Amino acid sequence: NAGVTQTPKFQVLKTGQSMTLQCAQDMNHNSMYWYRQDPGMGLRLIYYSASEGTTDKGEVPNGYNVSRLNKREFSLRLESAAPSQTSVYFCASSSRTGAIYSNQPQHFGDGTRLSIL
Amino acid sequence: KNEVEQSPQNLTAQEGEFITINCSYSVGISALHWLQQHPGGGIVSLFMLSSGKKKHGRLIATINIQEKHSSLHITASHPRDSAVYICAAAGSGGTSYGKLTFGQGTILTVHP
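Presented here is a report on the structure given in the accompanying data block. (Residues numbered from 1 in each chain as written. Chains lettered and ligands numbered in written order. Predicted model: local features only at pLDDT ≥ 70, side-chain atom pairs only at ≥ 80, totals over all residues. Heavy atoms only, no water.)

### Topic: the interface of chain B and chain A
Inference 1: Taken residue by residue, the interface counts 21 residues in chain B and 19 residues in chain A.
Inference 2: When chain B packs against chain A, close to 1,600 Å² is buried across both sides, 60% of that on carbon and sulfur atoms.
Inference 3: The tally of links between chain B and chain A comes to zero salt bridges.
Inference 4: Broken down by secondary-structure element, the contributors of at least two residues to the side of chain B that touches chain A are β4 (29-37), β5 (43-49), β9 (83-91) and β10 (100-102) of chain B.
Inference 5: Residue contributions to the side of chain B that touches chain A peak at five residues, all from β4(B).
Inference 6: Among the residues forming the side of chain B that touches chain A, the class breakdown is nine nonpolar, 10 polar and two charged. (Contact = heavy atoms within 4.5 Å. Buried area = accessible area lost by both parts, 1.4 Å probe. Salt bridge = Lys/Arg side-chain N within 4 Å of Asp/Glu carboxyl O. Helix = DSSP H or I, 4+ residues; strand = E, 2+ residues; numbered from the N terminus. Nonpolar A, V, L, I, M, F, W, Y, C, P; charged D, E, K, R; others polar.)

Set out below in structure tokens:
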């Protein structure tokens, strides 16, 4: 019963490098989210996807791109990494009824700890 | 933009104590979520409520919509309850409906 799986768990990059964080869920959820968690800031929404084929910006989208490859997978790409993007990244998913965001519990992955030097 | 404040930021307790964590928010919401983040980093949803009270084992969550306030209670606390507890307010209108704004979290440490 995997739930939400994120890869990699840890990554160190140099400034200017690019990378893609992968996320997959096996719960047949429509909605998927990418958050970043920084000390003293709480979780902040980067991008979300209400359904396959749709994505939209959250609170802090600058420097990131996303792709909803299919219903299961939602990837986050850093095209040119910057030290300010050092953070812990969480992917989450939830079922959805009607509204883009429905009030359903969100299921989180274990996070990706990303350091950019 | 909804502002979500939690108190206390840090909480230390002895095993068996009754614990209360508070969450206040600034604007109307459609629901209030309580989450638990373990020392290893994983985040688990504990409760989602829009009125009244919910109970699961030793955990109880309450919400007062008029006062824009929610509490998470842990009865007979245990060292395994040590974690970060996060509240998140779900927006209530238009494109904000259901969108979560998170508090900064309360770090709970329960000593044997």
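### Brief notes about the environment of I29(B)
Inference 1: If you trace the backbone, I29(B) turns up in strand β4.
Inference 2: When the C-alpha atoms of I29(B) and A89(B) are compared, they prove to be 6.3 Å apart, with 60 residues separating the residues in sequence.

### Some remarks on the sheet that holds strand β8 (residues 74-78) of chain A
All names here are of chain A.
Inference 1: Here four strands make up an open sheet; going across it, the order is β1-β3-β8-β7 and the pairing antiparallel. In the strand order of this sheet, the two ends are held by β1 (4-7) and β7 (64-68), each with one partner. Across this sheet, the average inter-strand angle for adjacent strands is 15 degrees, counted without regard to direction.
Inference 2: With three bridges joining them, strand β3 (residues 19-25) and β8 adopt antiparallel strand pairing. Across the sheet, the residue bridging to M19 is L78, located in β8. (Pairing = 2+ DSSP bridges. Axes fitted to C-alpha atoms, helices over the stretch in contact; angles between N-to-C directions.)

### Considerations on the pairing of β4(B)
Residue and element names in this part refer to chain B.
Inference 1: The buried fraction of β4 is high, at nine of nine residues.
Inference 2: As defined by bridge partners, β4 adjoins β5 across six bridges and the pair is classed as antiparallel. Each bridged residue has a counterpart across the sheet, and for L32 the counterpart in β5 is L49.
Inference 3: The antiparallel hairpin formed by β4 and β5 contains five residues in its connecting segment, where G41 sits at a positive phi of about 110 degrees. (Buried < 20%, exposed > 50% of the residue type's maximum accessible area, 1.4 Å probe, protein only.)

### Here's the deal with the state of the cysteines
Inference 1: One pass over the full model with this rule turns up two disulfides over all chains.
Inference 2: Bridging C23(A) to C91(A), the disulfide has an S-S length of 1.9 Å. One quick way to see it: the torsion about the S-S bond of C23(A) and C91(A) is about -75 degrees, and its sign makes the bridge left-handed. Placement of C23(A) in strand β3 and of C91(A) in strand β9 (residues 87-94) is noted, with a sequence separation of 68 residues between them.
Inference 3: Paired by a disulfide, C23(B) and C87(B) hold their sulfur atoms 2.1 Å apart. One quick way to see it: the torsion about the S-S bond of C23(B) and C87(B) is about 75 degrees, and its sign makes the bridge right-handed. Remark: C87(B) occurs in strand β9 and C23(B) occurs in strand β3 (residues 19-25); sequence separation between them is 64 residues. (Disulfide = S-S within 2.5 Å.)

### What to know about the side chain of S87(A)
Residue and element names in this part refer to chain A.
Inference 1: With respect to the element layout, S87 can be found in strand β9.
Inference 2: In this structure the side chain of S87 is engaged in a polar contact, spanning 2.8 Å, whose partner is the side chain of D38.
Inference 3: In contact with S87, not counting residues within four places along its chain, are R36, Q37, D38, T112, R113 and L114. (Polar contact = N/O pair within 3.5 Å; in protein donor to acceptor, adjacent residues only side chain to side chain.)

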